[in-house]
Structure formats: structure tokens, C-alpha cells
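The primary structure of each chain is shown beneath.
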Amino acid sequence: MGPPFILYLDGAEYAEEMRGLAVWVGDLLLPVYGREVTSQQPWCPRWWEHLEAVARLHGLWLAWQELTDPTAGPSGPALWHRDHLGPVMAELRSPGGPFAGCKAGAHRPKQPPTVEPYGTQN
């Protein structure tokens, strides 16, 4: 069984997993796949403050670990690029994605939609 999904962790376990994810994002993902930041392709310099980004990037990292392992076979990396990297980066960097409004040197916190408690009626 692989490592647990980051949203299931808290405290020291969450912090440790975040350290590993931050190293992977900073040392591999962005240097290789991080394209120029524009208003149409935003990236937040404080990506770890966007829980959606953390969840998506963690899933991408878990898939990378699995599909770049030699036991994944020779097509593993191609599957990672096709099935994981493209879709995740497109969602994160879309103009309406979690980094909308963020730019180099400027993080903008997002407000989730208002949700009424289940079972309430007017």
C-alpha cells in the first residue's frame, strides 16, 4: 500500500509530506515543466497556501512516483505525462483555477463558495 493522500494527514505527518512535495515541486516539476507565468497561465509563488493545489500536486507526485518506477514498465513515464501531468497543470494554471489573481510576488487567498448546512429549508 502506498503513502496516504495528503488531505488525510495532519500535524507532523502533514508537515513531513509537504516538505517532500515542496522539494519535488521546486526541484523537478517547476524547473522541467513550469512554463512562463501569464494572466492566462497563472502560478502562485505560495502554491502551498491553496489547498486545491496541494491536493492536485500531491496526487501528481504520487502518480509520478508510481509511473516512473522501473517496475511501471517502459511506458510508465509516457502515461504519467498523458494522464496526469497535462490535466493537473491545465487545471491549476487555468485563468479560473486556484491561482487566479495570483502573480509573481503576490499571493491572493481564495474564498470558497458559501454553503448552507444540509437540511436547512427556507
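So, a few notes on the structure that sits alongside this text. (Residues numbered from 1 in each chain as written. Predicted model: local features only at pLDDT ≥ 70, side-chain atom pairs only at ≥ 80, totals over all residues. Heavy atoms only, no water.)

## Details of the pattern of salt bridges
This structure, assessed with the given rule, holds 5 salt bridges. For arginine 56, the salt bridge goes to glutamate 91, with nearest N and O atoms at 3.8 Å. Of this pair, arginine 56 sits in helix α2 (residues 51-67) while glutamate 91 sits in helix α3 (residues 76-92), and the two are 35 residues apart along the sequence. What emerges from the salt-bridge pattern is a single network uniting Glu52, Arg56 and Glu91. (Salt bridge = Lys/Arg side-chain N within 4 Å of Asp/Glu carboxyl O. Helix = DSSP H or I, 4+ residues; strand = E, 2+ residues; numbered from the N terminus.)

## Topic: the packing of aromatic side chains
Centre-to-centre distance and the angle between the planes together describe a pair of aromatic rings. Taken as a whole, this structure holds 6 aromatic pairs when the rule is applied. A ring pair is formed by tryptophan 24 and tryptophan 64, whose centres lie 5.7 Å apart and whose planes are at 50 degrees; its orientation type is tilted. With a gap of 40 residues between them, tryptophan 24 in helix α1 (residues 11-33) and tryptophan 64 in helix α2 connect regions that are remote in the sequence. A relative accessible area of 5% places tryptophan 24 in the buried class. Between the aromatic rings of tryptophan 47 and tryptophan 48, the centroid separation amounts to 5.8 Å while the plane-to-plane angle is 80 degrees, which identifies the pairing as edge-to-face. Taking relative accessible area as the criterion, tryptophan 47 reaches 5% and is therefore assigned buried. By the ring-pair criterion, three or more aromatic residues cluster together here, those being Trp24, Tyr33, Trp64 and Trp80. (Phe/Tyr/Trp six-rings, centres within 6.5 Å; stacked < 30°, edge-to-face > 60°. Buried < 20%, exposed > 50% of the residue type's maximum accessible area, 1.4 Å probe, protein only.)

## Observations regarding the environment of valine 54
Checked against the element boundaries, valine 54 lands in helix α2. A C-alpha to C-alpha distance of 8.5 Å links valine 54 and leucine 21, two positions 33 residues apart in sequence.

## Things to note about α1
At valine 25, α1 is deflected by roughly 40 degrees, the largest bend along its length. Within α1, burial applies to Glu17, Met18, Leu21, Trp24, Val25 and Leu29. Contacts from the buried residues of α1 go to α2 and α3. (Bend = angle between axes of the 7 residues up to and from the residue. Contact = heavy atoms within 4.5 Å.)

## Digging into the side chain of histidine 58
Within the secondary structure, histidine 58 sits in helix α2. For histidine 58, the residues in contact, after removing those within four places along its chain, are Pro4, Phe5, Ile6, Glu17 and Leu21.

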